[in-house]
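Residue-level structural notes
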Amino acid sequence: MPDIRDDQHPKIWSVLFSDDTEKRLTAIDILSKVDVEWPVAWFSLLLADSNQAVAAAAFSALKKRGKPVIPLLSLQRLSPLSRVRLGAVRVIGELGDMQAIQDIIAALFDPVVDVREEGRKSIEAILNRSLQVTSRDQSSQRTLDDLMRLFASLSSVAQRNVRSVMVSSLLVVAVENPKAFWALYPQIEAPGKNAIELEILSRPTPRRMDLLYQGLVSQDPAVAEKLLSLIERLLNKDSISDHVDSIQKQPPEKCRAVLEVLAARGVLATFFDYFHWIRRDQRVSFLRLFTGEFGEEYAPFFRTLLENPNPHLVPALIENFLTYEHELPYKIIQGLLRNPSGVVKRAAAHYLYYRGQYEAVRDLMPLLRDEDPETAKSVVNTLGRISRDYLIDNFSELSEKERLQLTHVMQRIDENFVDSLIDLLGGLDDEDRVNLTLLLADMARHPGASESIEELLEDASEKVRASAVRGMAQIPADQLDDENIRRLFDDPDPRVRANLIESLPLEKKQAWVEKIQEATHSPVPRERANAILALFDLGLSEAEIPLMQMLRHPDSWMRTSGLYVLGRVDTPHLMFKALELCSDPFPHVRVHALRAISNKGNADLARQITWALSDPVAEVREAAHLAIKNRMGLDYRS
């Protein structure tokens with residue numbers, strides 16, 4: 001910066017107050033360009049110069065000196081000249097930071113309106129400028145908190161104009177640190193609180209709305225009650241989006257707390273009254289706040305949204321209903337499945353994937369041919385899940401034929417159906433695991449099912465192993481592992497061994513005939529019976545000897561199993577034994593003897609069992625009636 005000689009200083013300063021305007025301007029221009037000490041108190045008198053151009057030049061020169069001039073100008077706030085006071089405040093407002101605000105506050109009490117207004121503008125300018133820096137500089141936060149306390153302490157002053165500026169400034173700072181504000185709020189005197197309330201109601205900016213909701217979960221019930229009343233007064237169709245936005249900005253745990261406070265007061269219902277005025281981009285995220293037990297209270301309203309579905313909203317609504325204990329009325333789901341929108345149909349299928357029962361199958365089937373591949377894929381997944389669970393849950397009520405029909409249909413529809421069954425194995429209880437294993441055994445021709453069956457043959461559960469063995473009947477003989485067969489013949493569980501003998505293909509039975517012959521001496525009736533049947537399947541007449549041994553065995557269940565075999569093989573010369581056992585003292589033996597005659601007997605044998613129609617056991621009488629009807633064509637009940 002250029003300099004001037006020391007002997008020139010007095011001359012230049014004297015020219016500042018020359019009667020000639022041009023000389024005063026020239027002196028100001030020179031001083032603004034040189035690096036000399038200024039007597040600011042003297043120079044600032046030019047701010048009140050009668051010529052506006054001189055006053056403006058003096059203001060620009062002072063401003064050009066930068067922040068170092070602020071402490072010197074602060075004294076001019078007490079100048080008897082109002083224009084000097086005004087100019088000093090304006091310079092401080094344009095140069096100062098938050099620490100300079102305390103110097104300006106005195107201007108709010110100035111007797112001259114223009115000075116007071118300049119003080120207001122300067123505080124506002126410093127805050128706006130400084131807060132941009134504070135957001136990037138955490139070290140300024142302490143100064144900000146000090147200012148908040150200062151504004152709060154002055155928010156209850158008697159002068160209305162000062163109170164207004166302090167409250168407005170307090171809220172500007174408060175939105176930057178809501179936590180500190182709400183901790184300070186209870187200490188503010190009643191006039192200040194009233195002024196804050198009035199300021200928020202008259203200027204409800206989005207950030208101030210955020211401040212209200214951040215204080216709504218205050219530990220002070222009186223504070224929460226006051227804020228609720230403000231929110232109620234501010235809530236309307238034009239501001240609803242700001243309210244929703246403020247709620248959603250809260251951390252998840254606070255967000256739910258805010259909603260619960262609103263719900264307890266009954267304010268939340270108003271949000272649903274204005275739901276259609278919420279901005280489109282907010283609606284989905286707003287709906288997602290209402291999950292679980294809390295959201296279920298508002299399920300009736302959400303159902304009305306599904307009755308006239310908006311594709312933009314339906315997926316979120318469905319996700320909500322999946323968290324509720326009560327299920328959606330099925331009529332609503334039917335309506336969604338018939339909606340032209342693929343988004344809506346997929347959402348309905350998604351709901352049915354988790355909540356659907358077998359009744360939904362008839363409504364889902366037409367959608368397998370939907371022109372939208374994503375919809376068709378979603379429906380396939382849902383049908384697979386419903387059918388899979390239906391098979392497992394109703395296993396004992398379905399016949400083997402019905403189970404096979406359903407599994408074959410699902411395999412055609414869903415190429416991953418078998419895999420989905422396999423995926424369930426690890427999460428089922430013992431009974432369901434057995435049922436699922438039997439299903440996989442029925443489908444063992446499928447590569448995925450056959451691989452799973454191979455693994456289940458080594459399962460820790462005997463019941464599962466016994467069920468898995470049945471799958472060998474569906475697997476081609478050349479694909480069966482002889483090592484597995486050897487191990488299964490030595491399995492400790494007789495059900496496994498019995499099912500193995502029954503399920504082996506004929507050529508494998510021939511290869512393992514010695515093991516089967518050993519099993520004809522088993523102490524377990526079913527294993528022995530299956531072994532004898534296997535020998536008959538192989539055409540070995542030697543099977544008649546162990547069969548007669550079973551029919552003459554002292555154990556009633558061994559005799560019963562022998563009769564089961566007798567009713568399955570063509571041995572008319574042994575049927576006399578069935579006739580003898582029709583008089584057995586055990587009812588279950590008599591029943592199976594009559595069934596053997598029904599299956600493999602002749603009319604002559606049937607004539608000799610008419611007395612059994614009077615047996616004291618109803619099941620025996622029923623078996624006798626069926627045997628006579630099958631062998632003689634006589635129906636004693638007609």
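It should be noted that the structure appears before, not after, this text.
Structure report, in brief. (Residues numbered from 1 in each chain as written. Predicted model: local features only at pLDDT ≥ 70, side-chain atom pairs only at ≥ 80, totals over all residues. Heavy atoms only, no water.)

Further remarks concern the overall build of the protein. Along its length, the protein carries 41 helices and zero strands. Out of the 638 residues belonging to the protein, those deemed buried represent 51%. Long-range contacts, defined as pairs at least 24 residues apart, comprise 65% of the intrachain contacts of the protein with a sequence gap of at least 6. Split by element, the accessible area of the protein, about 31500 Å² in all, is 50% carbon and sulfur. (Helix = DSSP H or I, 4+ residues; strand = E, 2+ residues; numbered from the N terminus. Buried < 20%, exposed > 50% of the residue type's maximum accessible area, 1.4 Å probe, protein only. Contact = heavy atoms within 4.5 Å. Areas by Shrake-Rupley, 256 points an atom, 1.4 Å probe, with all protein chains shown as cover.)

Moving on, we come to the nonpolar core. Membership of the largest hydrophobic core comes to 200 residues, with the highest contact counts inside it found for Phe-181, Leu-262, Phe-271, Phe-290 and Phe-302. The element best represented in this core is helix H10 (residues 160–174), accounting for eight residues. (Core = buried A, V, L, I, M, F, W, Y, C linked by side-chain atoms within 4.5 Å.)

The topology assignment puts Lys-508 in helix H33 (residues 506–511). Judged by relative accessible area, Lys-508 falls into the buried class, the value being 13%.

Moving on: the packing of helix H14 (residues 221–234) against helix H16 (residues 252–265). For the pair H14 and H16, the least separation of the axes is 11 Å and the interaxial angle reads 75°. Comparing the axis directions of H14 and H16 gives the class roughly perpendicular. Here Glu-225, Leu-228, Ile-231 and Glu-232 of H14 come into contact with H16, specifically with Val-261, Leu-262 and Arg-265. Class assignment of the residues belonging to the contact of H14 with H16 gives a composition of four nonpolar, no polar and three charged. (Axes fitted to C-alpha atoms, helices over the stretch in contact; angles between N-to-C directions. Parallel < 35°, antiparallel > 145°, perpendicular 65-115°, else oblique. Nonpolar A, V, L, I, M, F, W, Y, C, P; charged D, E, K, R; others polar.)

What follows is about the packing of helix H22 (residues 330–337) against helix H23 (residues 342–355). Where H22 contacts H23, the two axes come as close as 7 Å, and the packing angle between them is 140°. If you check the angle between H22 and H23, you find them oblique. The two elements H22 and H23 meet at a crossing, and its hand is left-handed. Across the interface between the two elements, Tyr-330, Ile-333, Leu-336 and Leu-337 from H22 touch Val-344, Lys-345, Ala-348, Ala-349, Tyr-351 and Leu-352 from H23. (Left-handed = near helix turned anticlockwise from the far one by under 90°.)

Before going further, it helps to spend a moment on helix H27 (residues 417–424). Among all positions of H27, only Phe-417, Val-418, Ser-420, Leu-421 and Leu-424 are buried. Down the axis, H27 shows its buried residues gathered within 160° of arc, on one side only. In this structure, the buried side of H27 is in contact with helix H25 (373–393), helix H26 (400–413), helix H28 (430–442) and helix H29 (447–456). (Arc of directions from axis to C-beta.)

Position of His-276 among the secondary structure elements: in the loop between helix H17 (268–273) and helix H18 (280–287). Linking His-276 and Arg-637, residues 361 residues apart in sequence, is a C-alpha distance of 71 Å. Discounting chain neighbours no more than four positions away, the residues touching His-276 are Arg-283 and Leu-305.

Another point: the environment of Ile-126. With respect to the element layout, Ile-126 can be found in helix H8 (residues 113–134). Considering only alpha carbons, one finds Ile-126 and Gln-141, 15 residues apart in sequence, at a separation of 15 Å. In this view, Ile-126 contacts Ile-92, Gly-93, Gly-96, Asp-97, Met-98, Ala-100, Ile-101 and Ile-104; residues no more than four positions away in its chain are not counted.

Taken as a whole and judged by the stated rule, the model has 38 salt bridges. As a salt-bridge pair, Arg-120 and Glu-124 come within 3.3 Å of each other at their nearest N and O atoms. In this pair, Arg-120 and Glu-124 both sit in helix H8, four residues apart, roughly one turn of the helix. Taking relative accessible area as the criterion, Arg-120 reaches 29% and is therefore assigned partly exposed. Of the residues examined, Glu-124 reaches a relative accessible area of 43% and is grouped as partly exposed. Between Arg-465 and Asp-491 there is a salt bridge whose closest N-O contact spans 2.9 Å. Here Arg-465 is found in helix H30 (residues 462–469), whereas its partner Asp-491 is found in the loop between helix H31 (482–489) and helix H32 (494–503), with 26 residues between them in sequence. By the burial criterion, Arg-465 is buried, and Asp-491 matches it. Linked through salt bridges whose partners overlap, the residues forming this network are Glu-117, Arg-120 and Glu-124. (Salt bridge = Lys/Arg side-chain N within 4 Å of Asp/Glu carboxyl O.)

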